[in-house]
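Structural characterization, general
Residues per chain, in single letters:
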Amino acid sequence: MTPKEIDDKLVIPEEDKVTSIKISEAEYIYNFIKEHDIKKTLEIGFGYARSASNIMAASECKHIVIDPFQANYQYIGLKNIEKLGLQNLLDFRNDYSHNILPKLLEKKQSFKFIFIDGDHKYDGISIDFYYSDLLLENEGYILLHDTWMRSTQLVMSFIKKNRNDYIKLKTPLR
């Protein structure tokens, strides 16, 4: 399934099309996963499942998603996954990332690709990055969304100044 085929089937309310993951961003994630042959993935945030569906379609493997707010989206994200026939690849955790991430770490799980698009406050993003770093496989990737937000920029600044074991990859996206 291609990003175009996925997007043709997704239901995203008109009023939220501006705030959700953009089609170009989902396509970038899909291609990145394919090009790097990534199989072990984790996502913080879910919304309408545009990013999750592209991650699962690209990896063709189980994908863990953490998001306590599906009820706020009338469960449209979960319905989209079913509509796309990807429900067998989704491991959905209906809880806050600060509760789930330590449990994944305790179980010694690790991931090659982690997409952070959950809590958009500085402290939430910092906690998500902290645990994602501990869960990340060597030479793995963490992708932060909403890099235009001051809170995300502060976390990126911290990483740049304090974590020389990370390399910032340029993307064609803002």
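Residues numbered from 1 in each chain as written. Predicted model: local features only at pLDDT ≥ 70, side-chain atom pairs only at ≥ 80, totals over all residues. Heavy atoms only, no water.

**What to know about the overall build of the chain**
In terms of helices and strands, the chain carries seven helices and five strands. Each helix (α) and strand (β) of the chain, taken in turn from the N terminus, gives the series α-α-β-α-β-α-β-α-β-α-β-α. Taking 2.2 N^0.38 as the reference for a compact globule, 174 residues should give roughly 16 Å; the C-alpha atoms of the chain span a radius of gyration of 15 Å, in line with that estimate. Based on the C-alpha atoms only, the size of the chain along its principal axes is roughly 40 × 35 × 30 Å. Each of the 174 residues in the chain was classed as buried or not, and the buried ones make up 45%. Across the chain, contacts joining residues at least 24 apart in sequence account for 75% of those joining residues at least 6 apart. Roughly 9,800 Å² of accessible area belongs to the chain as shown, and the carbon and sulfur atoms make up 52% of that amount. Here the chain contributes 24 positive and 26 negative side-chain charges, whose respective centroids are spaced 2 Å apart. (Helix = DSSP H or I, 4+ residues; strand = E, 2+ residues; numbered from the N terminus. Rg over C-alpha atoms; globule rule 2.2 N^0.38 Å. Buried < 20%, exposed > 50% of the residue type's maximum accessible area, 1.4 Å probe, protein only. Contact = heavy atoms within 4.5 Å. Areas by Shrake-Rupley, 256 points an atom, 1.4 Å probe, with all protein chains shown as cover. Lys, Arg positive; Asp, Glu negative; His and termini not counted. Charge placed at Lys NZ, Arg CZ, Asp CG, Glu CD.)

**Concerning the pairing of strand 4 (residues 111–116)**
For a regular strand, side-chain orientation follows a simple rule: the groups alternate between the two sheet faces. For strand 4, the buried fraction is high: five of the six residues fall into the buried class. In this structure, strand 1 (residues 41–44) lies alongside strand 4, joined through four bridges in parallel fashion. Bridge pairing in strand 4 links Ile 44 to Ile 116. The pairing of strand 4 with strand 5 (residues 136–144) spans five bridges and is classified as parallel. For Phe 115, the partnering residue across the bridge sits in strand 5 and is Leu 143. Handedness of the crossover is the feature at issue here: the chain leaves strand 4, passes through helix 6 (residues 122–135), returns alongside strand 5, and the resulting connection is right-handed. (Pairing = 2+ DSSP bridges. Right-handed = clockwise from strand over helix to strand, strands pointing away.)

**Notes on a positive patch on the surface**
On the surface, Lys 160, Lys 161, Lys 168 and Lys 170 cluster together to form a positively charged patch. Considering the arrangement of structural elements, one finds Lys 160 in helix 7 (residues 150–162). Judged by relative accessible area, which is 73%, Lys 160 ranks as exposed. (Patch = residues over 30% accessible without salt bridge, like charges linked within 9 Å, V, L, I, M, F, W, Y side chains within 5 Å. Salt bridge = Lys/Arg side-chain N within 4 Å of Asp/Glu carboxyl O.)

**With respect to the side chain of Thr 41**
Position of Thr 41 relative to the elements: it lies in strand 1. Within the structure, Thr 41 has its side chain in polar contact with the side chain of His 63 (distance 2.7 Å). (Polar contact = N/O pair within 3.5 Å; in protein donor to acceptor, adjacent residues only side chain to side chain.)

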